[in-house]
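# A look at the structure
The primary structure of each chain is shown beneath.
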Amino acid sequence: MDAVQRLLSERRVEVLDAVVVTRELLGAGPTALGEAKTIVLTSPGRGRELRVHDRLMADLERGGDLDGERGHSAR
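Before going into details, it helps to say that this report is about the structure given with it. Along each chain, the written sequence defines residue order, and numbers are assigned to residues from 1. Reporting of local features is limited, given that this is a predicted model, to residues whose pLDDT is at least 70; pairs of side-chain atoms are given and counted only at 80 or more, and all residues count toward the totals for whole chains, interfaces and linings. For side-chain calculations, the full set of non-hydrogen atoms in the structure is used, while hydrogens and water are omitted.

### Structural notes on the pattern of salt bridges
Salt bridge, as applied in this entry: a Lys or Arg side-chain nitrogen positioned within 4 Å of an Asp or Glu carboxyl oxygen. Applying the stated criterion across every chain, the model contains three salt bridges. Between Arg46 and Glu49 there is a salt bridge whose closest N-O contact spans 3.4 Å. The rule is simple: take the accessible area with a 1.4 Å probe, protein chains only, and divide by the maximum for that residue type; under 20% is buried, over 50% is exposed, in between is partly exposed. Residue class for Arg46 comes out buried when judged on its relative accessible area of 2%. Residue Glu49 is classed as partly exposed on the basis of its relative accessible area of 24%.

Next comes the structure, spelled out in structure tokens:
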């Protein structure tokens with residue numbers, strides 16, 4: 001699976017697409033999506049994406065929204 005992740009990263013396949021590809025390779029079991037996400041985000045070529053993901057999740061857990069402003073809706 002390391003070679004697959006390296007290839008996907010080298011070809012600049014976006015994280016979501018890489019998760020879908022990885023999930024398909026793992027099979028459609030009940031834990032495949034979570035496993036695929038972990039494999040993609042922890043692969044050596046995805047360090048930047050992992051940091052962005054971690055920051056986003058931390059912001060959401062603190063009650064922030066995606067654009068960093070609270071109480072303002074995008075219109």
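### Here we look at the packing of helix 1 (residues 2-10) against helix 2 (residues 15-26)
When two helices pack together, their arrangement is given by the angle between the helix axes and the distance between those axes. Where helix 1 contacts helix 2, the axes come no closer than 11 Å and their chain directions differ by 155°. Accordingly, the angle class assigned to the pair helix 1 and helix 2 is roughly antiparallel. Seen from above, helix 1 lies across helix 2 with right-handed handedness. The residues of helix 2 that touch helix 1, namely those facing Val4, Gln5 and Leu8, are Ala18, Val21, Thr22 and Leu25. Split into classes, the residues belonging to the contact of helix 1 with helix 2 amount to five nonpolar, two polar and no charged. In this description, a line fitted to the C-alpha atoms serves as the axis of each element, helices being fitted only across the stretch in contact, and the angle between N-to-C directions of two axes falls anywhere from 0 to 180 degrees. Put simply, DSSP marks the helices as runs of H or I at least four residues long and the strands as runs of E at least two long, and each gets a number from the N terminus on. Put simply, angles under 35 degrees are roughly parallel, angles over 145 are roughly antiparallel, angles from 65 to 115 are roughly perpendicular, and the rest are oblique. Should the near helix be turned anticlockwise from the far one by less than a right angle, the crossing is left-handed, and should it be turned clockwise, the crossing is right-handed. By the convention used here, residues are in contact when the closest approach between their heavy atoms is within 4.5 Å. Residues were grouped as follows: Ala, Val, Leu, Ile, Met, Phe, Trp, Tyr, Cys and Pro as nonpolar; Asp, Glu, Lys and Arg as charged; and all remaining residues, including Gly, as polar.

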